[in-house]
Amino acid sequence: MAILPFYDNLTFAGMTNFISNPPNNTEGRMLILALQGVTALVGFILVPWVYLRWFEHKSIASLNERKTSMLPLILAVIIVLVVMPFMSSVIHWNANLELPAFLSEFEQAAKAKEEQLAKLTAFLTNIGSLPELLIATFIIALLPGIGEELIFRGLIQKKFSYLMSPHLAIWLSAFLFSALHLQFYGLVPRMLLGVLFGYIYYWSGNLWLPVLAHFLNNAFTLLMIYLYKQKVVSFDIQTTNYSTFWVVLSLIGSAALLWLLYTQTLKVPSTQNQEDIHYAGENN
């Protein structure tokens, strides 16, 4: 409702149809991005902040059990870049997964949903200028990086860790993180990304590390799509297939870097106070 006055010939009644069939122009793209931005800002950042502030009487800073240093931040950035070839192979496998015959109806519905979301993604990433890229990066990378990590790692994973094994909490919150995107043919790679972010948070004890990793994953992909469309680079990051050598090297390199991150974060003392310990006891 707040953005309606800024767009001509767009009534509230026509908003739903506009979202389903946006015009292929800059105005339509920016409106959809604005709607996504409002949703992310309110639903994934403002609401969790209000919950923490008014129901648990805590701040977002209370989700950080440890301080961090420059080296873990750098490692988180490198891990996201190194793991991309491996994640690309998982994305390709999941996208081409064939289901049994008795799941044919579900398969058709899932593929139809995937095609619809693919068209929306292509529409939103059809960026033609640097200002559009900056706006899209803020909405597609920064807001989800903060909001989704706040909810799925800072709140859900942390809550689960009081009730079960921290490893089970990481995998379960990562599954929810992926499932709530409603993309079956992207379920596994997104879940593995959630697991990656979850372990970064668990080992570091600092929410800003998975936020940075999440932001970089989205922002780097968006940047490479923009550079490809501008013919600055010759390969499309969305369709590039890596050889087995690079996939295996990516997996081994990511594992080694994660181990290094693990050893580095163990050196940082926990700042968890007695109030947090009492809070954990109440949740148990």
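Keep in mind the model is a prediction, meaning the values are calculated, not measured.

Enquirer: What should I look at first to understand the environment of E107 in this one?
Expert: Positionally, E107 belongs in helix α5 (residues 104–124). The exposure class of E107 is buried, given its relative accessible area of 10%. Remark: the alpha-carbon pair of E107 and Y185, spanning 78 residues in sequence, is separated by 9.4 Å. Excluding residues that lie within four positions of it along the chain, E107 makes contacts with L97, E98, L99 and Y185.

Enquirer: Where do I start with α5 in this structure?
Expert: Given 3.6 residues per turn, any residue in an α-helix points the same way as the ones three and four places further on. For α5, which comprises 21 residues, the first-to-last C-alpha distance of 30 Å matches the rise-based estimate of 30 Å (1.5 Å per residue) to within 8%. Residues of α5 that are buried: E107, A110, L117, F123 and L124.

Enquirer: When you look at the UniProt feature "transmembrane region" (unreviewed entry) in the protein in this model, what are you seeing that I'm missing?
Expert: When the UniProt feature table is mapped to this numbering, "transmembrane region" (unreviewed entry) covers residues 30–52, 73–93, 133–156, 168–187, 207–228 and 240–262. Taken end to end, residues 30–52 comprises 100% helix and 0% strand; its first and last C-alpha atoms sit 31 Å apart. This span, residues 207–228, is 95% helix and 0% strand, and a straight line between its end C-alpha atoms measures 32 Å.

Enquirer: Is there a simple way to explain the nonpolar core in this structure?
Expert: Core analysis: the biggest nonpolar cluster contains 22 residues, and I79, L196, I200, L258 and L261 have the highest contact counts within it. For this core, the secondary-structure elements that each account for two or more residues are α3 (70–82), α4 (84–95), α7 (166–179), α8 (187–204), α9 (208–229) and α10 (244–265). For this core, the leading source of residues is α8, giving 8 residues. Not counting residues up to four positions away in its chain, the partners in contact with L261 are P72, L75, I79, I200 and L209. M30, I32, L33 and V233 belong to the second largest nonpolar core, which has 16 residues in total.

Enquirer: What is the right way to read the environment of I60 from this model?
Expert: Mapped onto the elements, I60 comes out in the loop between α2 (26–54) and α3. In sequence terms I60 and L150 are 90 residues apart; their C-alpha atoms lie 8.2 Å from each other. Those residues in contact with I60 that lie beyond four places of it in its chain are W49, L52 and L150.

Enquirer: Looking at this structure, I do not really get the packing of α8 against α10. What am I missing?
Expert: Working note: a packed helix pair is described by the angle between its axes plus the distance between those axes. It is at 8 Å that the axes of α8 and α10 come closest, and there the two elements cross at 25°. One way to sum up the angle between α8 and α10 is to call them roughly parallel. In this structure, α8 contributes L196, I200, W203 and S204 to the contact, and α10 contributes L258, L261, Y262 and T265. A class-by-class count of the residues in the contact of α8 with α10 yields 6 nonpolar, 2 polar and no charged.

Enquirer: Would you mind going over unusual backbone geometry with me for this structure?
Expert: Glycine aside, a negative phi is what most residues show, and trans is what most peptide bonds show. Its identity is not glycine, yet H57 carries a phi of approximately 55°, on the positive side. Turning to its location among the elements, H57 is positioned in the loop between α2 and α3. A positive phi angle, near 60°, is found at L182, a position not held by glycine. Residue position: L182 is located in the loop between α7 and α8.

Enquirer: Could you clarify how one ought to interpret the pattern of salt bridges in this entry?
Expert: Side-chain pairing between opposite charges can occur once the charged atoms of the two side chains come close. Here the structure, examined in full by the defined rule, presents 4 salt bridges. For R153, the salt bridge goes to E149, with nearest N and O atoms at 2.7 Å. One end of the pair is R153 and the other is E149, both in helix α6 (residues 130–161) and 4 residues apart, which spans about a single turn. Each of the two residues, R153 as well as E149, counts as buried.

Enquirer: I'm lost on the confidence of the model for the protein in this one. Help?
Expert: Mean pLDDT over the protein stands at 86; residues scoring 70 or higher make up 84%. Least confident of the elements in the protein is helix α11 (residues 274–283), whose mean pLDDT is 48; most confident is α7, at 96.

Enquirer: Hey, could you run me through α3 in this one?
Expert: With 13 residues, α3 ought to run about 18 Å at 1.5 Å a step, and its terminal C-alpha atoms sit 18 Å apart, in line with that. Taken together, the buried positions of α3 are occupied by P72, L75, A76, I79 and V80. When α3 is viewed along its axis, its buried side chains cluster within an angular range of 135° and face the same direction. Turning to α3, the residues buried within the fold contact α4, α8, α9 and α10.

Enquirer: Please clarify how the packing of aromatic side chains should be interpreted in this entry.
Expert: Two descriptors summarise a pair of aromatic rings, namely the distance from one centre to the other and the angle between the planes of the rings. Applying the stated rule across the entire model yields 8 aromatic pairs. Taken together, a centroid distance of 5.2 Å and an interplanar angle of 75° make the contact between F245 and W246 edge-to-face. Overall, the relative accessible area of 48% leaves W246 in the partly exposed class. Summarising the aromatic geometry, the rings of W259 and Y262 are spaced 5.3 Å apart at their centres and angled 40° between planes, so their arrangement reads as tilted. A residue pair is termed a helical-turn pair when its members lie 3 or 4 positions apart in one helix, as W259 and Y262 do in helix α10 at 3 residues. Every member of this aromatic cluster is reached through a ring pair, and the members are Y199, W203, W259 and Y262. If you follow R53 out to its NZ or CZ, it ends over the ring of W54, 4.9 Å from the centre. One cation-aromatic arrangement involves R153 over F177; the distance from NZ or CZ to the ring centre is 4.7 Å.

So, how was this worked out
- Here, residues in each chain are numbered from 1, in the same order as that chain's written sequence.
- Whole-chain, interface and lining totals are the exception, using all residues; otherwise, since this is a predicted model, local features are given only for residues with pLDDT of at least 70 and side-chain atom pairs are given and counted only at 80 or more.
- Computation of side-chain values covers all heavy atoms of the structure but excludes hydrogens and water.
- Secondary structure elements are defined from DSSP: runs of H or I of at least 4 residues count as helices, runs of E of at least 2 residues count as strands, and each element is numbered from the N terminus.
- Whether a residue is buried, partly exposed or exposed follows from its accessible area with a 1.4 Å probe, protein chains only, as a fraction of its type maximum: under 20%, in between, or over 50%, in that order.
- By the convention used here, residues are in contact when the closest approach between their heavy atoms is within 4.5 Å.
- Given a helix with a known number of residues, its expected span is that number minus one, times 1.5 Å.
- UniProt positions are given in the numbering used here, feature names are shortened, and annotations may be inferred rather than shown by experiment.
- As used here, the term nonpolar core means buried Ala, Val, Leu, Ile, Met, Phe, Trp, Tyr and Cys residues forming a set that is joined through side-chain atoms within 4.5 Å.
- Under this scheme, a helix contributes an axis fitted over its contacting stretch, all axes are lines through C-alpha atoms, and angles between N-to-C directions fall in the 0 to 180 degree range.
- Note on terminology: angles under 35 degrees are roughly parallel, angles over 145 are roughly antiparallel, angles of 65 to 115 are roughly perpendicular, and the others are oblique.
- Only Asp, Glu, Lys and Arg are considered charged in this grouping, and only Ala, Val, Leu, Ile, Met, Phe, Trp, Tyr, Cys and Pro are considered nonpolar; every other residue, Gly among them, is considered polar.
- Between Lys or Arg on one side and Asp or Glu on the other, a salt bridge is scored when a side-chain nitrogen of the former is within 4 Å of a carboxyl oxygen of the latter.
- The quantity called pLDDT is the predictor's confidence in a given residue, expressed from 0 to 100.
- Comment: arc refers to directions from the helix axis out to C-beta atoms.
- By convention, a stacked pair of Phe, Tyr or Trp rings (six-membered ring in the case of Trp) has centres within 6.5 Å and planes under 30 degrees apart, an edge-to-face pair has planes over 60 apart, and any other such pair is tilted.
- Either the NZ atom of lysine or the CZ atom of arginine qualifies as a charge over a ring when it sits within 6 Å of the ring centre and within 35 degrees of the ring normal.

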